[in-house]
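Chain and residue survey
The lines below spell out each chain.
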Amino acid sequence: PKDGPSAGCTMVTALLSLALNRSVRDDLAMTGEISLTGRILPVGGIREKVIAARREGVKCLVLPKGNEHDFKDLPEYLQEGLEVHFAEHYDDVFDVAFCEDGDMTF
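Residues numbered from 1 in each chain as written. Predicted model: local features only at pLDDT ≥ 70, side-chain atom pairs only at ≥ 80, totals over all residues. Heavy atoms only, no water.

Regarding the environment of Gln 79
Inspection of the secondary structure puts Gln 79 in helix α4 (residues 76-79). Counting along the chain gives 25 residues from Gln 79 to Arg 54, while the straight-line C-alpha distance between them is 9.4 Å. Not counting the four nearest positions on each side in its chain, Gln 79 is found in contact with Arg 54, Phe 71, Lys 72 and Leu 74. A polar side-chain atom of Gln 79 sits 3.3 Å from the main-chain carbonyl oxygen of Lys 72. (Helix = DSSP H or I, 4+ residues; strand = E, 2+ residues; numbered from the N terminus. Contact = heavy atoms within 4.5 Å. Polar contact = N/O pair within 3.5 Å; in protein donor to acceptor, adjacent residues only side chain to side chain.)

Right, here's the structure in full:
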């Protein structure tokens, strides 16, 4: 397995936050490799990433659509209490990360 690419959508979000001078939701964690055309690609280690997010008190997760089955296979106690969004394109990530009311779903 390769290391690093799973932070692609996170790095794009950080750069956009800086460029747009807009804050990202403070209860958000995300993962996903991003293509040059903005597609969000699946990554490994979803279980470990969800556990780490829960440990840090994260309430909202953005995961690649291609990892939806990995999340759904997790035990209920790891899934409960989380607002989870599955992204196919970076537009999906942007909508969640920069939403004003903190309660957008797609």
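Some points on helix α2 (residues 46-55)
All of the buried residues along α2 are Ile 46, Val 50 and Ala 53. For α2, the arc enclosing every buried residue in end-on projection is 65°, short of the 170-degree limit, so these residues lie on one face. Of the exposed residues in α2, the ones pointing more than 90 degrees away from its buried face are Glu 48 and Arg 55. Where α2 is buried, its residues contact β1 (28-30), β4 (60-64), α3 (68-72) and α4. (Buried < 20%, exposed > 50% of the residue type's maximum accessible area, 1.4 Å probe, protein only. Arc of directions from axis to C-beta.)

Topic: the pattern of salt bridges
In the structure shown here, the tally under the stated rule is 4 salt bridges. Among the ionic pairs, Glu 68 bridges to Lys 65, the shortest N-O distance being 2.7 Å. Here Lys 72 ties to Glu 68 by a salt bridge, and the two come within 3.4 Å at their closest N and O atoms. Residue Lys 72 and its partner Glu 68 are located together in helix α3, separated by 4 residues, close to a single helical turn. Through salt bridges with shared partners, a single network forms among Arg 25, Asp 27 and Glu 83. (Salt bridge = Lys/Arg side-chain N within 4 Å of Asp/Glu carboxyl O.)

Quick word on the pairing of β4
Counted residue by residue, β4 has 5 buried out of 5 residues, so it is predominantly covered. Pairing of β4 with strand β5 (residues 83-87), which is carried by 5 bridges, proceeds in the parallel orientation. Looking at β5, one finds that Leu 61 is bridged to Val 84. (Pairing = 2+ DSSP bridges.)

Observations concerning the packing of helix α1 (residues 8-20) against helix α5 (residues 90-97)
As a packed pair, α1 and α5 sit with axes 11 Å apart at the nearest point and diverge in direction by 55°. As summarised for this structure, α1 and α5 are arranged oblique, according to the angle between their axes. Between α1 and α5 the crossing geometry is right-handed. For the pair formed by α1 and α5, the contact residues are Cys 9, Val 12, Thr 13, Leu 16 and Leu 20 on the first element and Tyr 90, Val 93, Phe 94 and Ala 97 on the second. Residues of the contact of α1 with α5, tallied by class, amount to 8 nonpolar, 1 polar and no charged. (Axes fitted to C-alpha atoms, helices over the stretch in contact; angles between N-to-C directions. Parallel < 35°, antiparallel > 145°, perpendicular 65-115°, else oblique. Left-handed = near helix turned anticlockwise from the far one by under 90°. Nonpolar A, V, L, I, M, F, W, Y, C, P; charged D, E, K, R; others polar.)

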